[in-house]
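Structural overview for review
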Amino acid sequence: MKKYSILIATALMFCLFVAGSLVMAPETPASSEPEISLTSHKALYEINLVSTKSGSQIVDVGGEMYYELNTGCDAWITNHRFKLRYDYTDSPSIQVQSNFSTYESRDGQTFNFTSTRRRNGTVSEELKGRAYLNSDTDSPNLDSDGGPGAGQAIYEQPDGLTFDLTDTTRFPMEHTHDLLMRAERGDKFFNSQVFDGSDDEGPVSINAFIGPVVNAVARVTTSPKIDVTLLNTKARN
């Protein structure tokens, strides 16, 4: 249940970034890397089940997801909330709610996160903590191996839970930024270790396959509720 919900939210957020919030600044002659900027925005998605496999116990899924990104000089701040209803063939429906907020410094060195999940109105999980990278930080809880980028994720809830972070670990907004940059320069594949604080399982390895540029507007069903000008930008499969 938890992983299914996270996959929905992650897929929607990535579509949003690629199709709606990428701003390309003119490339300077001194650098061969494209300059990427992620724009502050808010979005509300309606979620509905399209199809199920034969024999599935789930007969319907519905709900909504809200996502907000605020960009500042020093940090990216995100808030995302979703509410989903799962209907089953032979058991009562389940209501799942999640509230997740993050504060990520733009230098990629510090990350704060808090998350609350409810199941049928009852709190089922609470997460809160912070993470550090780079051995130059003043955190006393860094990875003993040191090295640029090496650090730790330290949870306040649940208390005592920690994860070592390698020097290749990225936080989610930096990962999104770097993925878009690689797409712009023509890369087809990007692998990275990412820590986002959304669960108690630590960093994960993400493999991204970057497809060709597509017309996002041509791939959505138009509706009076959708401002297609927000989608009229470069997008990829």
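Residues numbered from 1 in each chain as written. Predicted model: local features only at pLDDT ≥ 70, side-chain atom pairs only at ≥ 80, totals over all residues. Heavy atoms only, no water.

The next point concerns the pattern of salt bridges. All chains considered together, the criterion is met by six salt bridges. The residue D178 makes a salt bridge to R170 at a minimum N-O spacing of 2.7 Å. R185 is the salt-bridge partner of D187, the closest N and O atoms lying 3.0 Å from each other. The class of D187 is partly exposed, set by a relative accessible area of 22%. Beyond isolated ion pairs, a larger network of salt bridges with shared partners links D60, R85 and D87. (Salt bridge = Lys/Arg side-chain N within 4 Å of Asp/Glu carboxyl O. Buried < 20%, exposed > 50% of the residue type's maximum accessible area, 1.4 Å probe, protein only.)

The next point concerns the sheet that holds strand β10 (residues 162-165). Either a parallel or an antiparallel arrangement is found when strands of a sheet pair, and the pairing is made through backbone hydrogen bonds. The eight strands are arranged β3-β4-β5-β6-β7-β8-β9-β10 in an open sheet whose pairing can be described as antiparallel. What marks the edges here is a single partner per strand, and that holds for β3 (41-48) and β10. Shown here is a sheet whose adjacent strand axes are inclined to one another by a mean of 15°, direction ignored. Sheet analysis places strand β7 (residues 110-119) next to strand β8 (residues 122-132), joined by ten bridges and oriented antiparallel. Paired with S115 across the bridge in β8 is L127. (Pairing = 2+ DSSP bridges. Helix = DSSP H or I, 4+ residues; strand = E, 2+ residues; numbered from the N terminus. Axes fitted to C-alpha atoms, helices over the stretch in contact; angles between N-to-C directions.)

Once that is clear, we can look at the sheet that holds strand β12 (residues 189-194). The strand order β11-β12-β13 describes an open sheet built from three strands, whose pairing is mixed. Two strands close off the open sheet at either side, each with one partner strand: β11 (169-170) and β13 (204-209). Judged from the two bridges that link them, β11 and β12 form a sheet pairing that is parallel. Among the inter-strand pairings, T169 is bridged to a residue of β12, identified as Q193. Across the face of the sheet, helix α2 (residues 172-184) comes into contact with β11, β12 and β13 while running at roughly 170° to β12. (Contact = heavy atoms within 4.5 Å.)

Assignment of secondary structure puts S98 in strand β6 (residues 94-105). Of the residues examined, S98 reaches a relative accessible area of 5% and is grouped as buried. Other than its neighbours up to four places away in sequence, S98 contacts H80, R81, F82, T116 and R117.

Moving on: unusual backbone geometry. The step from Q157 to P158 runs through a cis peptide bond, and the omega angle for that step is -5°. With respect to the helices, strands and loops of the structure, P158 is situated in the loop between β9 (151-157) and β10. A positive phi is found at N120, a non-glycine position, where the angle reads about 55°.

Here we come to α2. Taking 1.5 Å as the rise per residue, α2 with 13 residues should run 18 Å; its terminal C-alpha atoms sit 18 Å apart, in good agreement. Listed as buried for α2 are M173, H175, T176, D178, L179, L180, M181, R182 and A183. Following α2 by one or two positions, G186 has its phi on the positive side, about 100°. (Expected span 1.5 Å × (residues − 1).)

What follows is about the nonpolar core. Core analysis: the largest hydrophobic core is formed by 17 residues, its most contacted members being L69, L84, Y86 and M173. Looking at this core, the elements with two or more residues in it are β2 (35-38), β4 (58-71), β5 (75-88), β6 and α2. Core analysis: the second largest hydrophobic core is formed by twelve residues, L127, A131, F163 and F171 among them. (Core = buried A, V, L, I, M, F, W, Y, C linked by side-chain atoms within 4.5 Å.)

With that settled, consider the packing of aromatic side chains. Taken as a whole, this structure holds eight aromatic pairs when the rule is applied. Seen in terms of ring centroids, F113 and Y155 are 5.1 Å apart; in terms of plane orientation they differ by 70°. Their pairing is edge-to-face. In this pair, F113 sits in strand β7 while Y155 sits in strand β9, placing the two residues 42 residues apart along the sequence. Across the pair, exposure class does not vary: F113 and Y155 are buried alike. Relative to F163, the ring of Y155 lies with its centre 6.0 Å away and its plane at 70°, an arrangement referred to as edge-to-face. Side by side, Y155 and F163 carry an identical accessibility label, which is buried. (Phe/Tyr/Trp six-rings, centres within 6.5 Å; stacked < 30°, edge-to-face > 60°.)

Here we take up the side chain of R182. Relative to the assigned elements, R182 resides in helix α2. With residues up to four places along the chain from it excluded, the contact list for R182 reads R170, D187, F190 and I210.

Inspection of the secondary structure puts V96 in strand β6. Once the C-alpha coordinates of V96 and S124 are considered, the two residues, 28 residues apart in sequence, prove to be 9.5 Å apart.

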